Amino acid sequence: MGKKSFLSLYFLSPAVPIIIYIIALGTPLDLYALSVVCGIAAFVYLSNQYLLASRPQFAMKALGAKGLVALHSAMPIAIVVLALAHRFLKSAAGLDTESLQADFGAIALAVVAVAIVFTVLLMAATPLSAYEPLKKFKAWAYRRTGLDYKKARLLHNVTVAAAPLLLVHMLLAGSSSFSRNPVGAALMACWALFSLDAYAHYRVRGRNQPTASRQGAGGRQS
């Protein structure tokens, strides 16, 4: 699979569940339907993050190690924007955003947002990394806290907590009711669990591999 084909499939990956949900809702493309579209896209792309982090061979072949890391690093911002749009559109449509179901989504959003800030400030090599005050802050934070890249990466992995929170949020949503939309809800849940399973296997496999083998497979892990 080439790079263009992979990216096309990647960005279109929410399309099937979106179509299923819109058909199940049976409503025109109003504010509520748009909120559902944004929510599904955020959910699928977040699930895709764990799949990308597992470094599947087909993705490595299509993008290369640097391209895969670049996509994995850029997508959290899009996920947060989509999640915020989902929440604001839902509120604009007159739906409750203070319920327990909404709280699960809000906590997942906060986890991802904090992870973005943490990664930009202390981990990722971005254009901002060359900014002198940021370089000094990073050096100060590492020295003050005893962090190194390995420990920072472990803290970054707390983003895995966002997945079960978002899964509960999705399953509690009215649009995911099994009596109303069993195929859509099952598809979303299965994709999230599949992605998490791939990531879990990668982490176990990575810990059991010798350092030289891991570096040969692409250097630093996600």
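It should be emphasised that the depicted structure is a prediction, and the values quoted were computed from it without experimental measurement.

Rules behind the numbers
- Residues take numbers from 1 onward in each chain, read along the sequence in its written order.
- Where local features are concerned, this predicted model is filtered to residues with pLDDT of at least 70; where side-chain atom pairs are given and counted, the filter is 80 or more; whole-chain, interface and lining totals use all residues.
- The side-chain quantities take in all heavy atoms of the structure and omit both hydrogens and water.
- To obtain an axis, a line is fitted to C-alpha atoms, over the contacting stretch when the element is a helix, and the angle between two such axes runs from 0 to 180 degrees between their N-to-C directions.
- Helix and strand labels come from DSSP, where a helix needs a run of H or I of at least four residues and a strand needs a run of E of at least two; each type is numbered from the N terminus.
- An angle counts as roughly parallel when it lies under 35 degrees, as roughly antiparallel when it exceeds 145, as roughly perpendicular when it falls between 65 and 115, and as oblique in every other case.
- Helix crossings are classified by the rotation of the near helix relative to the far one: an anticlockwise turn of less than a right angle makes the crossing left-handed, while a clockwise turn makes it right-handed.
- The contact criterion used is simple: two residues touch if any of their non-hydrogen atoms lie within 4.5 Å.
- Any residue outside Ala, Val, Leu, Ile, Met, Phe, Trp, Tyr, Cys, Pro, Asp, Glu, Lys and Arg is labelled polar, Gly included; the first ten of those are nonpolar and the last four are charged.
- Relative accessibility under 20% of the residue-type maximum defines a buried residue, over 50% an exposed one, and the middle range a partly exposed one, all with a 1.4 Å probe and only protein chains included.
- Side-chain atoms alone can form a polar contact between residues adjacent in sequence; in general such a contact is a pair of N or O atoms within 3.5 Å, and within protein one must be able to donate a hydrogen while the other accepts it.
- For patch building, the residue pool is restricted to those with more than 30% relative accessible area and no salt bridge; the joining distance is 9 Å between like charges and 5 Å between nonpolar side chains (Val, Leu, Ile, Met, Phe, Trp, Tyr).
- Accessible surface is estimated by sampling points in the Shrake-Rupley manner with a 1.4 Å probe; for residues, cover comes only from the protein chains shown.
- Any carboxyl oxygen of Asp or Glu that lies within 4 Å of a side-chain nitrogen of Lys or Arg is treated as forming a salt bridge with it.

Asks: How would you summarise the packing of helix H3 (residues 31-53) against helix H8 (residues 162-172) if you had to cite specific residues and measurements?
Replies: Any two packed helices are characterised by how steeply their axes cross, that is the angle between the axes, and by the distance between the axes. Look at H3 against H8: their axes get within 11 Å of each other, and the N-to-C directions meet at 150°. Relative to H8, H3 is oriented roughly antiparallel. As H3 packs across H8, the resulting crossing turns out to be left-handed. Only Ala162, Ala163, Leu166, Leu167 and Met170 of H8 make contact with H3, whose side of the interface consists of Phe43, Leu46 and Tyr50. Here the contact of H3 with H8 is composed, by residue class, of eight nonpolar, no polar and no charged.

Asks: Lay out the side chain of Gln101 in plain terms, naming residues and giving numbers.
Replies: Among the secondary structure elements, Gln101 is positioned in helix H5 (residues 100-122). Given a relative accessible area of 12%, Gln101 falls into the buried group. Among the polar contacts listed, one links the side chain of Gln101 to the side chain of Lys90, at a separation of 3.0 Å. Contacts of Gln101, omitting those with residues within four sequence positions, involve Lys90, His169, Leu172 and Ala173.

Asks: Give a description of a nonpolar patch on the surface that names residues and reports values.
Replies: Taken together, the side chains of Leu29, Leu31 and Leu34 make up a nonpolar region of the molecular surface, amounting to roughly 270 Å² of accessible area. Here Leu31 is to be found in helix H3.

Asks: Can you explain unusual backbone geometry? Please cite residues and give values.
Replies: Although it is not a glycine, Arg55 sits at a positive phi angle of roughly 50°. A residue is classified by how much of its surface remains accessible, and Arg55, at 9% relative accessible area, is buried.

Asks: Can you tell me about the side chain of Lys90, naming the residues and giving the values?
Replies: With respect to the element layout, Lys90 can be found in helix H4 (residues 57-92). Classification of Lys90 as buried rests on a relative accessible area of 13%. Filtering out sequence-adjacent residues up to four positions away, Lys90 remains in contact with Ser35, Leu95, Asp96, Thr97 and Gln101.

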